[in-house]
Amino acid sequence: MPEKRLQEIESKFEMFQILNEKGEIVNEAAMPDLSDDELVELMERMVYTRIWDQRAISLNRQGRLGFYAPVAGQEASMLGSQFALDKKDWILPGYRDIPQIVWHGLPLYQAFLYSRGHFGGGQIPEDVNVLMPQIIIGAQIVQTAGVALGLKRKGKENIAITYTGDGGASQGDFYEGINFAGAYQAPAVFVVQNNQFAISVPVEQQSAAKTIAQKSVAAGIRGVMVDGMDVLAVYKATKDAREEALKGNGPTLIETYCYRYGPHTMAGDDPTRYRTADLDDEWERKDPLVRFRTLLESKGLWSEEKENEVMERAKEDVKNAIKQADDTPKQKVTELIEFMYESLPDSLEEQWEEYKKKESK
Amino acid sequence: MAQMTMIQAITDAMRTELKNDENVLVFGEDVGQNGGVFRATEGLQKEFGEERVFDTPLAESGITGLAIGLGLTGFRPVMEIQFFGFLFETMDGIAGQMSRMRYRSGGHYHSPITIRSPFGGGVKTPELHADSLEGLMAQTPGIKVVIPSTPYDAKGLLISAIRDNDPVIFLEHMKLYRSFREEVPEEEYTIEIGKADIKREGKDVTIVTYGAMVHTALRAADQLEEEGIDAEIVDLRTISPLDVETVIESVKKTNRAIVVQEAQRQAGIAANVSAEISERAILHLEAPVMRVTAPDTVYAFAEVEDEWIPGEEDIIEKVKASLDF
Ligand SMILES: Cc1ncc(C[n+]2csc(CCOP(=O)(O)OP(=O)(O)O)c2C)c(N)n1
Ligand SMILES: [Mg+2]
């Protein structure tokens, strides 16, 4: 009875939630072990990130930022998972996953340089274990299996985590990545942020599978589907996955079910062509910040004053980061040539000379 | 006649062939309801239905495989690769499979497929969106590579591509999508694949180019004219197979040739054209064939793109070097 077996498997992937839409704890037993300070820190990061996202959108409209993929709606999914990491864990992000790598240590102004198309955005500081945001959907997923295996073979107590979207889970690289990591029992965590759309294409058109999490079954690895608007659930699922990986129990696939409020990117996408206002409203009612704020307020850990202070800090930091990006010297073609190889072949040396002459005009 | 941008001419060509042949199918990422990220397929799903114009799951190798399979079962797929930098994702599908179908089966099977894709640069996209990978495709036997530079050419060439029984890669320069309009007949017409076009007649020097560089070359020619230099511009329109005859005829008239490409220098189309001229018209040349290209780096970061892409001044400089040789 193959249908029955499929239904049985699918029924195992129910949504994991700790904090519901109303800000109530609905799964006390799963409540992660976070101090009050840590809970406040998580909220601060979400508020800060939402403000920075709004600023980035308006800077893009003013022509002061380049490529930008908005993140509002996905803060819990992005920041809850990053919060579960150790500083030395590796992150292999997609193009939208800028918040995770910034909170992992990439200076904000470098994220802005990346957005503008400046190589300075890729010059990751020595002590920050993140890769540049991947543009080719899925490429980071196979590489994660490699980083994770490398960490394991070097005897490190660290994991590699990667992010993709619901569309990304259709790429061959996705299946190869989870399969390789499983085959080597590599300490990897694969997060699929299912915001239900790949640009305009709804997730239902990506696959006949009911969930993305269930794809872990075929790879022989753990899989879990999480409420991606619930920062506590995302944190807990990632923390558990990380611990299992470090115990030698192999990788986990985490699907975070969420929504992006804004357009796909700032390059002309118009979500009204493929989403209804009703759907937007439905998901804004599940907002990750609202429900977490309710919880923290009930614990006496959060106030309007606190929130305003974080918002002001975010605005100030964005202003300074933009200034720092503005102050970064404009890149030159000769520099691009220099980055091509460890030492320049003669043919490139000649081209370097040619551009040097042009640049000194 | 209607005034059309290149993207409108492209949509119009697809509409024409969707109407003409029920086996024509248009598919790719976001081409359905959304009408494509550049709106090249705007309105087509509404007009022809979801069975003829449809979104695929997100996987370029999947899209190519689907096209090959549909081609084997009697359909005429027009597949889109959303940006040509994603070509690498499906290199085997195109270069290892589709292009070899006819050959491998001793002529029994074929791939009547059109691959449409935006390419080129100058519009400040992120990495692997802007790129000039046409050389990789031109070096793939079994595939034709078409690159229009005007709305009129785009419509006629795309209709020919769709009707062709061999795979055709149809590359649409992003900068040309909406940069200008021109008269395009509303009725159907075809332009033969593999035929270059003289976009400007001249007697002093031949500039061979294609894609957006045709317009850069035309602007350079206007400036050269002010200095009394009369350049002829050959728009290749198809880079594989190459219309060697038109190029050689022009060179025999002007005795000088500059080959211009937006792509990097190494092993490019310009090198190939230059070799053809040297082999076939060496005794007609007053100066070596010279190339204007981008440098041999990975495609430039957006912020420095304008300095990296060859400009009018680079062409003018080479023309003068040829004349002063
Ligand atoms: C290999 C590849 N194909 C196509 C694209 C173009 N593209 C960029 S984002 C996107 C949709 C991705 O959707 P999803 O994986 O759900 O992630 P989301 O953007 O929703 O976060 C597409 C088709 C790309 N960047 N890379
Ligand atoms: Mg998505």
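- Going by the annotation in an unreviewed UniProt entry, the name recorded for chain B is Alpha-ketoacid dehydrogenase subunit beta, with Aliibacillus thermotolerans given as the source organism.
- UniProt annotates chain B under Cofactor (unreviewed entry) with the comment "thiamine diphosphate".

1. Concerning the coordination of the magnesium ion (ligand 2)
Residues and elements named next belong to chain A.
Phase 1 of the analysis: Looking at the magnesium ion (ligand 2), one finds its protein donor set to be D166 (OD), N195 (OD1) and F197 (O), positioned 2.0 to 2.2 Å from the metal centre.
Phase 2 of the analysis: Between consecutive donor residues of the magnesium ion (ligand 2), the sequence gaps follow D-x28-N-x1-F. One end of the pair, D166, is in the loop between strand 3 (160-165) and helix 7 (172-183); the other, N195, is in the loop between strand 4 (188-194) and strand 5 (197-198), with 29 residues separating them in the sequence. By the burial criterion, D166 is buried, and N195 matches it.

2. Considerations on the UniProt feature "domain: Transketolase-like pyrimidine-binding" (unreviewed entry) in chain B
Phase 1 of the analysis: The residues that UniProt annotates with the feature "domain: Transketolase-like pyrimidine-binding" (unreviewed entry) are residues 4-179 of chain B.
Phase 2 of the analysis: The annotated region residues 4-179 of chain B carries 35% helix and 16% strand content, and the separation between its end C-alpha atoms amounts to 11 Å.

3. Quick notes on the site of ligand 1
Phase 1 of the analysis: The full set close to ligand 1 counts 21 residues, and Y95, R96, I135 and G168 of chain A together with E60 of chain B are the nearest of them.
Phase 2 of the analysis: Surrounding ligand 1 are residues belonging to chains A and B, so the site spans chains.
Phase 3 of the analysis: At a separation of 2.9 Å, an oxygen atom of ligand 1 approaches a polar backbone atom of F197 of chain A.
Phase 4 of the analysis: Measuring from an oxygen atom of ligand 1, one finds a side-chain N or O atom of H264 of chain A at 3.4 Å.
Phase 5 of the analysis: Here ligand 1 has 580 Å² of accessible area as a free molecule, and 95% of this is covered by the chains.

4. What about the pattern of salt bridges?
Residues and elements named next belong to chain B.
Phase 1 of the analysis: Using the criterion set out here, one finds 43 salt bridges over all chains in the structure.
Phase 2 of the analysis: For K203, the salt bridge identified is with D230, shortest N-O distance 4.0 Å. Linking K203 in the loop between strand 9 (197-200) and strand 10 (205-209) with D230 in the loop between helix 8 (213-226) and strand 11 (231-235), this pair joins segments that are 27 residues apart in sequence.
Phase 3 of the analysis: Salt bridges linked by common partners bring D153, D197, K199, D235 and R237 together as one network.

5. Some words on the pairing of strand 11 of chain B
All names here are of chain B.
Phase 1 of the analysis: Of all five residues in strand 11, five are buried, a share of seventy percent or more.
Phase 2 of the analysis: Side chains of strand 11 alternate between two faces, with A231, I233 and D235 and E232 and V234 buried alike.
Phase 3 of the analysis: Strand direction decides the pairing type here: strand 9 and strand 11, joined by three bridges, are antiparallel. Bridge assignment links D197 to a residue of strand 11, and that residue is D235.
Phase 4 of the analysis: Summarising the sheet, strand 10 and strand 11 pair through five bridges and their orientation is parallel. Looking at strand 11, one finds that T206 is bridged to E232.
Phase 5 of the analysis: In this fold, strand 10 hands off to helix 8, which returns the chain to strand 11; that crossover is right-handed.

Conventions used here
- Residues numbered from 1 in each chain as written.
- Chains lettered and ligands numbered in written order.
- Predicted model: local features only at pLDDT ≥ 70, side-chain atom pairs only at ≥ 80, totals over all residues.
- Heavy atoms only, no water.
- UniProt positions renumbered as here; feature names shortened; annotations may be inferred.
- Donors = N, O, S within 2.8 Å, 3.2 Å for Na, K, Ca; no water.
- Helix = DSSP H or I, 4+ residues; strand = E, 2+ residues; numbered from the N terminus.
- Buried < 20%, exposed > 50% of the residue type's maximum accessible area, 1.4 Å probe, protein only.
- Near = heavy atom within 4 Å.
- Polar contact = N/O pair within 3.5 Å; in protein donor to acceptor, adjacent residues only side chain to side chain.
- Areas by Shrake-Rupley, 256 points an atom, 1.4 Å probe, with all protein chains shown as cover.
- Salt bridge = Lys/Arg side-chain N within 4 Å of Asp/Glu carboxyl O.
- Pairing = 2+ DSSP bridges.
- Right-handed = clockwise from strand over helix to strand, strands pointing away.

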